Amino acid sequence: MKYLTINYHILFCRLIPRSIFVYIISDAIYYIKKINIFGKMDNLAKDINLANTPLKINVESQQKSASCVDKTTESDAPFIIKEGAAEIVVLSSKNVFYNPVQEFNRDLSVAVLTLISEDHNNNISNGRRKQTDKTLEEQPKNCDLAKTLIAGVKYENGLNILEALSASGLRSIRYAKEVPGLNSIVANDISEAAVTSIRANIAHNDVNHLVTASHSDAVLVMYQHRRYQDRFHAVDLDPYGCPSHFLDAAVQCVSDGGVLLVTCTDMAVLCGNTPETCYSKYGSISLKNKACHEMIGGPIWSGPLHDTDFVVRLSKHIHTSTFGTLRRMEGVLAVISEELNDVPLYYTMDRLCSIVRCQTMSILSVRSAVLNAGYRVSYSHANRMSIKTDAPMYVLWDIIRYWESQNPIKMERRQNVSEAILSKKQTIKVDMTVREDANPESRQLKLVRFQENPLRYWGPGTRSTTCVQENKEEKRIANQGKKKKKRKPDLGPDKQETFKILKQDDEDM
Ligand SMILES: C[S@@+](CC[C@H](N)C(=O)[O-])C[C@H]1O[C@@H](n2cnc3c(N)ncnc32)[C@H](O)[C@@H]1O
């Protein structure tokens, strides 16, 4: 299996007639190896070592809407946006979606597809391509034809890619100009304005020989490519918000051993207050708590999260190119390669300390204490205060108890829960001597390990205060103190009279 996970949410585990998959959501990308969807269920389960959990999907969650570019209101003249090797012409009369914050996502996709293309082309040239098209599964052995491939050149046996929701065509054009060894890319969008823009951008970037614009519903295009010989080696899904309704079609049109690149920007639903919306979209209930980046109310993926070899290859590869977000790519991949791959969940130290109401321990101290106790420890890429460990829970509480004994909290701060935990007897002897190996390389090198605000003040905007009525001032005065006004209790009609009298009595006193 080839896949890479970065910040994930396991959304649901779903059974569909010819394939089973775990749907994982993330604030970056998961690459999925497609399993043989025509196989029997039993075999599928065997293939993936875990019944009900074969496909892994890559997703990114970023708050796109916060930073999409729509410059049409600013100027009437066309202008150009440059990203990677691509140039996007923004026609002033058309609204075309461009989200600069997603550059990291696109950079990572370009890097991943380059490796996928290398393997694909090497396997073909080594004559190991089998009828069942398992090419992406096999690693190159003796031939390194891929190193001689040139980006921007068409290769008849190269990768076929579908970008099902393409907007300006930027992503497809970047693939065409930056990923060597491609045969074709279809850049599809349902919006006429978007397709006009895709055509203009294909011509502007001179990639007609590789990229074809398509104007259709993504689902239709994907179902039209279900036939074995029509399938794509890579399918890229980057919708607004939820991608789940595209997944069935995507799974059917990606070749066996191919990859699905799924971007999801639906964090408000996934970590939000509307579990019913989450259920209708994903078949799972969102949990609005600290664990929301890891899990939702539903099945979780408990197998290895990352294909370590692939992550290592990717980490090396990104330095051979000039990516705009190289620092972030380096940081994320470094944390991922240091991460304990066989431990599915993580703790956050601030949360554990807040349960017993003690001062938060430094990450270095906790990590050292866990290592000194003989267990493994790492960060999770999902949280900078995270602790991933194979130590049992009682060891962590022992460490926290010991820490609290050195930094006691005031008696009056103790309540039932903290008292119950802190008054327990220690099970192990805690040694908090700081160790050098407790400080991982990615931290020592000060890499950009976790998402930083991509732009100043980036994030959800404040609520609009626009008033369409003319009598704005009157409305403001009428609404003054509105929230302070006491609500009347909800009384039945017969009790309202009594309430009025009682209220009058109160006021008289
Ligand atoms: C988030 S944008 C894509 C951004 C693009 N992938 C990029 O990296 O710049 C989503 C696009 O999906 C298109 N879209 C929405 N529903 C669609 C559908 N059912 N079929 C095809 N395109 C669709 C929208 O018109 C929009 O251009």
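With an unreviewed UniProt entry as reference, the protein is termed tRNA (guanine(26)-N(2))-dimethyltransferase, source organism Timema poppense. Under the UniProt heading Catalytic activity (unreviewed entry), the note attached to the protein is "guanosine(26) in tRNA + 2 S-adenosyl-L-methionine = N(2)-dimethylguanosine(26) in tRNA + 2 S-adenosyl-L-homocysteine + 2 H(+)". One UniProt comment on the protein, placed under Sequence similarities (unreviewed entry), says "Belongs to the class I-like SAM-binding methyltransferase superfamily. Trm1 family."

A. Representation of the overall build of the protein. Across its full length, the protein carries 17 helices and 13 strands. Residues classed as buried in the protein amount to 51% of the 509 residues present. Accessible surface for the protein amounts to roughly 25400 Å². Of this, 52% is attributable to carbon and sulfur atoms.

B. A look at the packing of aromatic side chains. By the definition in use, this model includes one aromatic pair. Judged by centre distance (6.1 Å) and plane angle (65°), the ring pair of Y379 and F450 falls under edge-to-face. One end of the pair, Y379, is in strand β12 (residues 377-380); the other, F450, is in the loop between α15 (441-444) and α16 (472-478), and 71 residues separate them in sequence. F450 shares its class with Y379; the two are buried. A cation over a ring is seen here: R328 above F104, with NZ or CZ 4.5 Å from the ring centre.

C. How the structure looks around the state of the cysteines. Scanning all chains against the criterion turns up zero disulfides. Between C264, a cysteine without a disulfide, and C242, which holds the nearest cysteine sulfur, the sulfur-to-sulfur distance is 6.2 Å. Its relative accessible area of 0% is what places C264 among the buried residues.

D. Highlighting the site of the ligand. Lining the immediate environment of the ligand, one finds 19 residues, of which E163, R171, D189, A218 and D238 sit closest. At a separation of 2.9 Å, a nitrogen atom of the ligand approaches a polar side-chain atom of E163. Residue D238 places a side-chain N or O atom 2.9 Å away from a nitrogen atom belonging to the ligand.

E. Structural view of the packing of helix α2 (residues 103-125) against helix α10 (residues 326-338). One way to put it is that α2 packs onto α10 with a least axis distance of 10 Å and a crossing angle of 70°. One way to sum up the angle between α2 and α10 is to call them roughly perpendicular. Note that α2 runs across α10; the crossing there is right-handed. Here α2 contributes F104, D107, L108 and A111 to the contact with α10, which in turn contributes R328, M329 and V332. Class assignment of the residues belonging to the contact of α2 with α10 gives a composition of five nonpolar, no polar and two charged.

F. Representation of the side chain of H317. One can find H317 in helix α9 (residues 308-317). Judged by relative accessible area, H317 falls into the buried class, the value being 13%. Every residue in contact with H317, bar those within four places of it in the chain, is listed here: A111, T114 and L115.

G. Representation of the pattern of salt bridges. Tallied over the entire structure, the rule returns 19 salt bridges. The network of salt bridges with common partners includes E83, R106, D107, R174 and E178.

H. Region of interest: the environment of N407. The residue N407 is located in the loop between α13 (393-406) and α14 (416-422) in this model. When its relative accessible area of 23% is taken as the criterion, N407 is described as partly exposed. As for N407 and C358, which are separated by 49 residues in sequence, their C-alpha atoms are 7.7 Å apart.

I. Spotlight on the side chain of R401. Mapped onto the fold, R401 is located in helix α13. The exposure class of R401 is buried, given its relative accessible area of 8%. R401 has contacts with Y394, I421, L422, K424, K425 and Q426, leaving out every residue within four places of it along the chain.

J. Region of interest: the nonpolar core. With 42 residues, the main nonpolar core has L113, I161, Y175, L182, V211 and L314 as its most contacted residues. In terms of residues, this core owes the most to one element, α2, which gives eight residues. By size, the runner-up hydrophobic cluster in this structure holds 29 residues, among which are M361, L396, W403 and F450.

K. Fine view of the pairing of strand β4 (residues 79-83). Pairing analysis gives five bridges linking β4 to strand β5 (residues 86-90), with the strands arranged antiparallel. Bridging across to β5, I81 finds its partner in I88. In sequence, β4 turns back onto β5 through a hairpin of two residues, with G84 there showing a positive phi of about 55°.

L. Structural view of unusual backbone geometry. We note that A167 has phi near 55°; this positive angle belongs to a residue other than glycine. Assessed through its relative accessible area of 16%, A167 is described here as buried. Residues other than glycine seldom take positive phi values, yet K446 does so here, at roughly 55°. One can find K446 in the loop between α15 and α16.

M. Structural view of the environment of Y228. With respect to the element layout, Y228 can be found in the loop between α5 (218-224) and β9 (232-237). Y228 sits in the partly exposed class, given a relative accessible area of 40%. Between the alpha carbons of Y228 and S255 there is a distance of 7.2 Å; along the sequence they are 27 residues apart.

N. Looking closely at the pairing of β9. Taking burial as the measure, the six residues of β9 include six buried ones, the bulk of the element. By the bridge criterion, five bridges tie β9 to strand β10 (residues 254-262) in an arrangement that is parallel. Looking at the pairing, F232 lines up with V254 of β10. Once the chain exits β9 it traverses helix α6 (residues 244-253) before rejoining the sheet at β10, and the crossover so formed is right-handed.

Calculation rules
Residues numbered from 1 in each chain as written. Predicted model: local features only at pLDDT ≥ 70, side-chain atom pairs only at ≥ 80, totals over all residues. Heavy atoms only, no water. UniProt positions renumbered as here; feature names shortened; annotations may be inferred. Helix = DSSP H or I, 4+ residues; strand = E, 2+ residues; numbered from the N terminus. Buried < 20%, exposed > 50% of the residue type's maximum accessible area, 1.4 Å probe, protein only. Areas by Shrake-Rupley, 256 points an atom, 1.4 Å probe, with all protein chains shown as cover. Phe/Tyr/Trp six-rings, centres within 6.5 Å; stacked < 30°, edge-to-face > 60°. Lys NZ or Arg CZ within 6 Å of the ring centre and 35° of its normal. Disulfide = S-S within 2.5 Å. Near = heavy atom within 4 Å. Polar contact = N/O pair within 3.5 Å; in protein donor to acceptor, adjacent residues only side chain to side chain. Axes fitted to C-alpha atoms, helices over the stretch in contact; angles between N-to-C directions. Parallel < 35°, antiparallel > 145°, perpendicular 65-115°, else oblique. Left-handed = near helix turned anticlockwise from the far one by under 90°. Contact = heavy atoms within 4.5 Å. Nonpolar A, V, L, I, M, F, W, Y, C, P; charged D, E, K, R; others polar. Salt bridge = Lys/Arg side-chain N within 4 Å of Asp/Glu carboxyl O. Core = buried A, V, L, I, M, F, W, Y, C linked by side-chain atoms within 4.5 Å. Pairing = 2+ DSSP bridges. Right-handed = clockwise from strand over helix to strand, strands pointing away.

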